[in-house]
Amino acid sequence: MALAYNQAVDAWRADEAPIGCVIELGGEIIGAAHNTIEAACDPTAHAEMLALTQAAAKLGNWRLAGATVFVTKEPCPMCSGAMLMSRVKRVCFAVPDPKMGCLGGATNLNDLPRVNHHVELTAGGVLEPECRELLQEFFRAKRREGE
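Residues numbered from 1 in each chain as written. Predicted model: local features only at pLDDT ≥ 70, side-chain atom pairs only at ≥ 80, totals over all residues. Heavy atoms only, no water.

In contact at an axis separation of 11 Å, helix H1 (residues 2-13) and helix H5 (residues 128-146) are set at 10° when each is read in the N-to-C sense. Here H1 lies roughly parallel to H5, going by the angle between them. When H1 is examined against H5, the residues Tyr5, Ala8, Val9 and Trp12 are found in contact with a partner set consisting of Glu130, Cys131, Leu134, Glu137 and Phe138. The residue makeup of the contact of H1 with H5, split by class, is seven nonpolar, no polar and two charged. (Axes fitted to C-alpha atoms, helices over the stretch in contact; angles between N-to-C directions. Helix = DSSP H or I, 4+ residues; strand = E, 2+ residues; numbered from the N terminus. Parallel < 35°, antiparallel > 145°, perpendicular 65-115°, else oblique. Contact = heavy atoms within 4.5 Å. Nonpolar A, V, L, I, M, F, W, Y, C, P; charged D, E, K, R; others polar.)

Following the sequence through the fold, Asn108 ends up in the loop between strand E4 (90-95) and strand E5 (120-123). Look past the residues within four positions of Asn108 in its chain and what remains in contact with it is Cys102, Leu103 and Leu121.

Between its first and last C-alpha atoms H5 spans 27 Å; for 19 residues at 1.5 Å apiece the expected length is 27 Å, and the two agree. Restricting attention to buried positions, one finds in H5 the residues Glu128, Cys131, Leu134, Leu135 and Phe138. Projected down its long axis, H5 shows its buried positions confined to an angular sector of 145°, all on one face. Facing away from the buried side of H5 by over 90 degrees, the exposed positions are Pro129 and Arg143. Buried residues belonging to H5 abut H1, strand E3 (68-73) and E4. (Expected span 1.5 Å × (residues − 1). Buried < 20%, exposed > 50% of the residue type's maximum accessible area, 1.4 Å probe, protein only. Arc of directions from axis to C-beta.)

So, on to helix H4 (residues 77-85). Those residues of H4 that fall on the buried side of the exposure criterion are Cys79, Ser80, Gly81, Ala82, Met83 and Leu84. Next to the buried residues of H4 lie helix H3 (47-59), E3 and E4. Downstream of H4 by one or two residues, Arg87 has phi in the positive range, about 65°.

A few words now on the nonpolar core. In this structure, Ile23, Val88 and Val91 are the most contacted members of the largest nonpolar core, which totals 35 residues. Once residues lying within four places of it in the same chain are set aside, the contact partners of Val91 are Val69, Pro75, Met83, Leu103, Val119, Glu120, Leu121 and Thr122. (Core = buried A, V, L, I, M, F, W, Y, C linked by side-chain atoms within 4.5 Å.)

This part takes up the packing of aromatic side chains. With the rule as written, the count across this model stands at two aromatic pairs. Arranged with centres 5.4 Å apart and planes meeting at 75°, the rings of Trp12 and Phe138 form a pair that is edge-to-face. A residue pair is termed long-range when its members are at least 10 positions apart, and Trp12 in helix H1 and Phe138 in helix H5 qualify at 126 residues. Taking the relative accessible area as the measure of exposure, Trp12 reaches 31% and is therefore partly exposed. For the ring pair Phe138 and Phe139, a centre distance of 5.0 Å and an interplane angle of 85° mean the geometry is edge-to-face. The partly exposed category is assigned to Phe139, whose relative accessible area is 38%. Through a chain of ring-to-ring contacts, the aromatic side chains of Trp12, Phe138 and Phe139 assemble into a single cluster. (Phe/Tyr/Trp six-rings, centres within 6.5 Å; stacked < 30°, edge-to-face > 60°.)

See the structure below:
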């Protein structure tokens, strides 16, 4: 999770929402990214989506069976769905998101009755205070800029 946090700090430095994601398989990092939504002018350029794409390219396979995703904030509907579709084994996130999180926050795609794959979840706790503070400070600064 520390590597995902470092990615989130890089996102802040790039004036992006500070969310970072790292994907590990067999002790090796196979994907690492942070949000680039603003720079790419792309609503799909979430840290998780970019890291999943890197991981699939590295493995030469869209199925990421056995992989663990570490992300600083609970994934949104798009990212949660992509994680289920890519067959990752486990998702570990730091900060729950009751508004848009889809692995237990606002809803849980993992609980859909007809889903053909489920991920193991580790929700909250792992660097949660640090990741929460980073997000809160970023958006406080953005609100001050808007005043």
